[in-house]
Amino acid sequence: MSSSSSRPGTLPQAPPGSLALGAGRRPNGRCTRPRSGHVVAVLLYEGVQLLDVAGPVDAFTTANEHGGRYVLKTASLTGGAVHTCSGLILGADCAVAELPQDIGTLIVPGAPDWRPAILDRDLRRSLTELAMGARRTAAVCAGAFPLAATGLLNGRRAATHWEFAPSLAHRFPKVRVDSDSIFVRDDNFYTSAGVTSGIDLALALIEEDLGADTAREVARHLVVFLARPGGQSQFSVRSRVRHPRTPPVRAVLDRVTEDPAGDHTLESLARRAGVSPRHLTRLFRAETGTSPARFVEQVRLEAACTLLVSGTDAMDTVARHAGFGSPETMRRVFQRELGVTPGAYRDRFSTTAASPHRPSPDSAD
């Protein structure tokens, strides 16, 4: 690993000590032919985010210690090394043209400065050919931009980092941008949010291939959370509301977040804040953009979702611990806000798998 002082835009050969990820580079620079297994090809290009590459690579490599047969290949357009956005030089196994034909998973990492990638005709052409030939294609974070530039995401739902979502929607209006989900799947195309969500996405792909038990072992080894389903929001309810200016509103937000099942009627919250219910309502809406009752309900919904995917408690227990009081009240909120029952939510998200379709609202508990 080394810092690069070379001129950006060049593709240097990997110097001694540079970071080289992959499996099998012959002395002549060509990728070795995998003996067997699922080929995971990672496309490298100038300015790429290092963690977008290293996170999924480490996840798939760890899966090989638990029965996986992944063959990791990193490839740049020329086979040379690339500069990451942090200035580190990242070596490639081979050139894109030398990759095996039978790619199981194509990983498209992102670059914080995504503009050069979408303007690079050679990159777009190579990415199009690779994605059309791969069994599945997964873009991490801003990797959605070069993938969208190929036109392959037109009409599809796609996720990216929340900061990039408006730009992705503006630049590629035919893409249905999901600015909230950690990752989404549309047919054989997977896209994810911020950099660490590339690990969540890799875990979901591993689970798809090898089952939940193996994905769980990989997550445990990497010391990351397994149960971050694709539909989970990039933000907690507490972080989505505007930062309040006054201590009474901040105190209410903190109290509700700390104890979703507590007594959070308007009157009790107002007493805790030391103001009248009317004044609290006015302050709360002015400073957060929502009402106290709405905030309480959203925090309880978030708590219920977490309890459903992380445990096996009965619905009445989940409802009580989340603050809904009864399974029927919880069910009504789930139906209204998410379009599914609590039972259907648990069935869908109790593993890491990303589903291309929302469960039917008629799913039974």
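## Here's the deal with the pairing of strand β12 (residues 189-192)
Going residue by residue along β12, you find Phe189 and Thr191 tucked away on one face and Tyr190 and Ser192 tucked away on the opposite face as well. In terms of strand pairing, strand β8 (residues 136-139) meets β12 through three bridges, oriented parallel. By the bridge assignment for β12, threonine 137 is matched with phenylalanine 189.

## Re the nonpolar core
Residues Phe60, Ile103, Leu106, Phe145 and Ile206 are the most contacted members of the largest nonpolar core, which totals 67 residues. Ranked by the residues each element gives to this core, the list is headed by helix α6 (residues 197-210), at seven residues. In contact with phenylalanine 145, other than residues within four places in its own chain, are Trp114, Ile118, Thr160, Phe164, Ser167, Leu168 and Phe172. Of all hydrophobic cores here, the second largest spans 17 residues; its members include Leu308, Val318, Ala322 and Phe324.

## Examining helix α10 (residues 266-273)
When α10 is considered as a whole, its buried residues turn out to be Ser268, Leu269, Ala270 and Ala273. Contacts made by the buried residues of α10 are with α9 (247-258), α11 (277-288) and α12 (292-310). At the exit of α10 stands glycine 274, carrying a positive phi of roughly 80 degrees.

## Quick look at the pattern of salt bridges
Using the criterion set out here, one finds 18 salt bridges in the structure. Across the salt bridge formed by arginine 156 and aspartate 186, the nearest N and O atoms sit 3.3 Å from each other. Of the two residues, arginine 156 is situated in the loop between α4 (144-149) and β9 (157-159) and aspartate 186 in strand β11 (residues 183-186); the sequence distance between them amounts to 30 residues. As far as the burial class goes, arginine 156 and aspartate 186 line up, both buried. The salt bridge involving arginine 294 is made with glutamate 337; its shortest N-O contact spans 2.8 Å. Here arginine 294, found in helix α12, pairs with glutamate 337, found in helix α14 (residues 327-338); they are 43 residues apart in sequence, far enough to count as distant.

## What about the packing of aromatic side chains?
Evaluation of the coordinates by the stated rule reveals six aromatic pairs. Both rings, one in phenylalanine 284 and one in phenylalanine 295, keep their centres 5.9 Å apart while their planes meet at 55 degrees; by these two values the pair is tilted. In this pair, phenylalanine 284 sits in helix α11 while phenylalanine 295 sits in helix α12, placing the two residues 11 residues apart along the sequence. Given the relative accessible area of 2%, phenylalanine 295 is considered buried.

## What to know about the side chain of threonine 288
Structurally, the position occupied by threonine 288 is in helix α11. Within the local environment of threonine 288, its side chain forms a polar contact with the backbone oxygen of phenylalanine 284, the two atoms lying 2.6 Å apart. There is a polar contact of 3.3 Å between the side chain of threonine 288 and the backbone nitrogen of threonine 290.

## Concerning the sheet that holds strand β7 (residues 103-108)
Pairing in this open sheet of seven strands is mixed, and the strands run β6-β3-β2-β7-β8-β12-β11 from one edge to the other. This sheet does not close on itself; its edge strands, each paired only once, are β6 (94-95) and β11. Against the sheet, α6 engages β2 (38-43), β3 (70-76), β7, β8, β11 and β12, with an angle of about 150 degrees to β12.

## Quick look at the environment of leucine 119
Structurally, the position occupied by leucine 119 is in helix α2 (residues 115-119). In this structure leucine 119 comes out as exposed when scored by relative accessible area, which is 62%.

## A few points about the pairing of β11
For a regular strand, side-chain orientation follows a simple rule: the groups alternate between the two sheet faces. Direction of pairing for β11 relative to β12: antiparallel, over a ladder of four bridges. Bridge assignment links phenylalanine 183 to a residue of β12, and that residue is serine 192. Linking β11 back to β12 in an antiparallel pair, the connection comprises two residues, with aspartate 187 at a positive phi of about 60 degrees.

Each value, and the rule that gives it
- Residues numbered from 1 in each chain as written.
- Predicted model: local features only at pLDDT ≥ 70, side-chain atom pairs only at ≥ 80, totals over all residues.
- Heavy atoms only, no water.
- Buried < 20%, exposed > 50% of the residue type's maximum accessible area, 1.4 Å probe, protein only.
- Helix = DSSP H or I, 4+ residues; strand = E, 2+ residues; numbered from the N terminus.
- Pairing = 2+ DSSP bridges.
- Core = buried A, V, L, I, M, F, W, Y, C linked by side-chain atoms within 4.5 Å.
- Contact = heavy atoms within 4.5 Å.
- Salt bridge = Lys/Arg side-chain N within 4 Å of Asp/Glu carboxyl O.
- Phe/Tyr/Trp six-rings, centres within 6.5 Å; stacked < 30°, edge-to-face > 60°.
- Polar contact = N/O pair within 3.5 Å; in protein donor to acceptor, adjacent residues only side chain to side chain.
- Axes fitted to C-alpha atoms, helices over the stretch in contact; angles between N-to-C directions.

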